[in-house]
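# Survey of secondary and tertiary structure
Listed here are the chains, written in short residue letters.
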Amino acid sequence: MTDVHKSEQLALGRVVPVVVLEDARHAAALGDALVKGGLKAAEITLRTAAGLDAIAALAGRDDLVVGAGTVLTAQQAERAVAAGARFVVTPGFAPAVVAVCQDAGVLVVPGAATATEIQMALDAGLDIVKFFPAQQLGGAPMIKALAAPFRGVRFIPTGGITPEVMPDYLALPSVLAVGASWIVAPDLLQAGRWDTVAERAAAAVEAAA
């Protein structure tokens, strides 16, 4: 699959939940809830020990594109790809991680907070970046400013985004999708409130449409 097709998969619902899962045994229920809510992709972060197992548990689904987030090292990238991650997201630009993913033919979305980091991504042959932490860096107006010189770059803003500000980001042509942690808030996952997760997913998908 080409990077273009992979990025189109991320863009389908324009909303990508950013998941911090403490127990991989909840992965199946989580996947069911996200799909029920109409989501097409999910980023499972490696912030917990359960991350890789959760990716492996969801990787076989044909109704959800599952990727790895908070990938900091080449070793983590290798393990995420081995677990079945179909895309990899990093909080900053990590050349070693980018190299592993490109060698494996897996879409990589590096974090970029400045024009310099965006240029580093372009030099590596990448035109999709994660703008993180989005709200703290100036939100939608900052992306609009950065997109002016970098017209071929698509952004996935993540960090501090709420349902109230999400439309501001999605109104920008340069925004491919939005990272949405509120859909999968840790308290919901820990309590197993899968109906609420599905409801929040559906509301986000409707708002994005």
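Please refer to the structure placed before this passage.
Before going into details, it helps to say that this report is about the structure given with it. (Residues numbered from 1 in each chain as written. Predicted model: local features only at pLDDT ≥ 70, side-chain atom pairs only at ≥ 80, totals over all residues. Heavy atoms only, no water.)

### Observations regarding helix α2 (residues 27-36)
Those residues of α2 not exposed but buried are A27, L30, G31, A33 and L34. One side of α2 carries all its buried residues, which in axial view fall inside an arc of 165 degrees. On its buried face, α2 sits against β1 (15-19), β2 (41-45), α3 (51-58), α9 (186-191) and α10 (194-208). Of the residues trailing α2, G38 is marked for its positive phi of about 95 degrees. (Buried < 20%, exposed > 50% of the residue type's maximum accessible area, 1.4 Å probe, protein only. Helix = DSSP H or I, 4+ residues; strand = E, 2+ residues; numbered from the N terminus. Arc of directions from axis to C-beta. Contact = heavy atoms within 4.5 Å.)

### Structural notes on the pattern of salt bridges
Taken as a whole and assessed by the stated rule, the structure comprises four salt bridges. Residue R25 pairs with D23 through a salt bridge whose shortest N-O separation is 2.8 Å. Here K36 makes a salt bridge to D195, at a shortest N to O gap of 4.0 Å. Here the residue K36 occupies a position in helix α2, and D195 occupies one in helix α10, the gap between them amounting to 159 residues. (Salt bridge = Lys/Arg side-chain N within 4 Å of Asp/Glu carboxyl O.)

### Observations regarding the pairing of strand β7 (residues 154-157)
Taken together, the four bridges between strand β6 (residues 128-131) and β7 define a ladder with parallel strand orientation. Following the sheet pairing, K130 is matched in β7 by I156. In terms of handedness, the path from β6 via helix α7 (residues 139-147) over to β7 forms a crossover that is right-handed. (Pairing = 2+ DSSP bridges. Right-handed = clockwise from strand over helix to strand, strands pointing away.)

### Quick look at the environment of A82
Mapped onto the elements of the fold, A82 is located in helix α4 (residues 74-83). By relative accessible area, which is 70% here, A82 ends up exposed. The spacing of A82 and D195 is 113 residues in sequence and 31 Å in space, taken between C-alpha atoms.

### A short note on helix α5 (residues 95-104)
The set of residues buried in α5 consists of V97, V98, V100 and C101. Viewed along the axis of α5, the buried residues span an arc of 160 degrees, placing them on a single side of the element. What points out from α5, more than 90 degrees from its buried face, is the exposed set P95 and D103. Residues of α5 that are buried in the fold lie against α4, β4 (87-89) and β5 (107-109). Positioned one or two residues after α5, G105 has a phi angle of 75 degrees, which is positive.

### Digging into the packing of aromatic side chains
If you walk through the whole model with that rule in mind, you get zero aromatic pairs. Stacked on the ring of F132, the Lys or Arg K130 has its end atom at 4.5 Å from the ring centre. (Phe/Tyr/Trp six-rings, centres within 6.5 Å; stacked < 30°, edge-to-face > 60°. Lys NZ or Arg CZ within 6 Å of the ring centre and 35° of its normal.)

### Digging into the nonpolar core
One finds L30, L34, F155, I183 and V197 to be the most contacted residues of the largest nonpolar core, which totals 66 residues. No other element matches the six residues that α10 contributes to this core. Judged by nonpolar contacts, the second largest core, of twelve residues, contains L10, V109, I156 and L176. (Core = buried A, V, L, I, M, F, W, Y, C linked by side-chain atoms within 4.5 Å.)

### Some details on unusual backbone geometry
The omega angle of the peptide bond from F132 to P133 is -10 degrees, so this bond is cis rather than trans. Assignment of secondary structure puts P133 in the loop between β6 and α7. Of note, T70 is a non-glycine position whose phi angle comes to about 55 degrees, a positive value. Among the secondary structure elements, T70 is positioned in the loop between β3 (65-69) and α4. When its relative accessible area of 15% is taken as the criterion, T70 is described as buried.

### Looking at the packing of α4 against α5
Where α4 meets α5, the closest approach of the two axes is 8 Å, and the angle between their N-to-C directions is 30 degrees. The angle between α4 and α5 places the two elements in the roughly parallel class. Relative to α5, the crossing made by α4 is right-handed. Every residue of α5 that contacts α4 at A74, A77, E78 and V81 is listed here: A96, V97, V100, C101 and A104. Here the contact of α4 with α5 is composed, by residue class, of eight nonpolar, no polar and one charged. (Axes fitted to C-alpha atoms, helices over the stretch in contact; angles between N-to-C directions. Parallel < 35°, antiparallel > 145°, perpendicular 65-115°, else oblique. Left-handed = near helix turned anticlockwise from the far one by under 90°. Nonpolar A, V, L, I, M, F, W, Y, C, P; charged D, E, K, R; others polar.)

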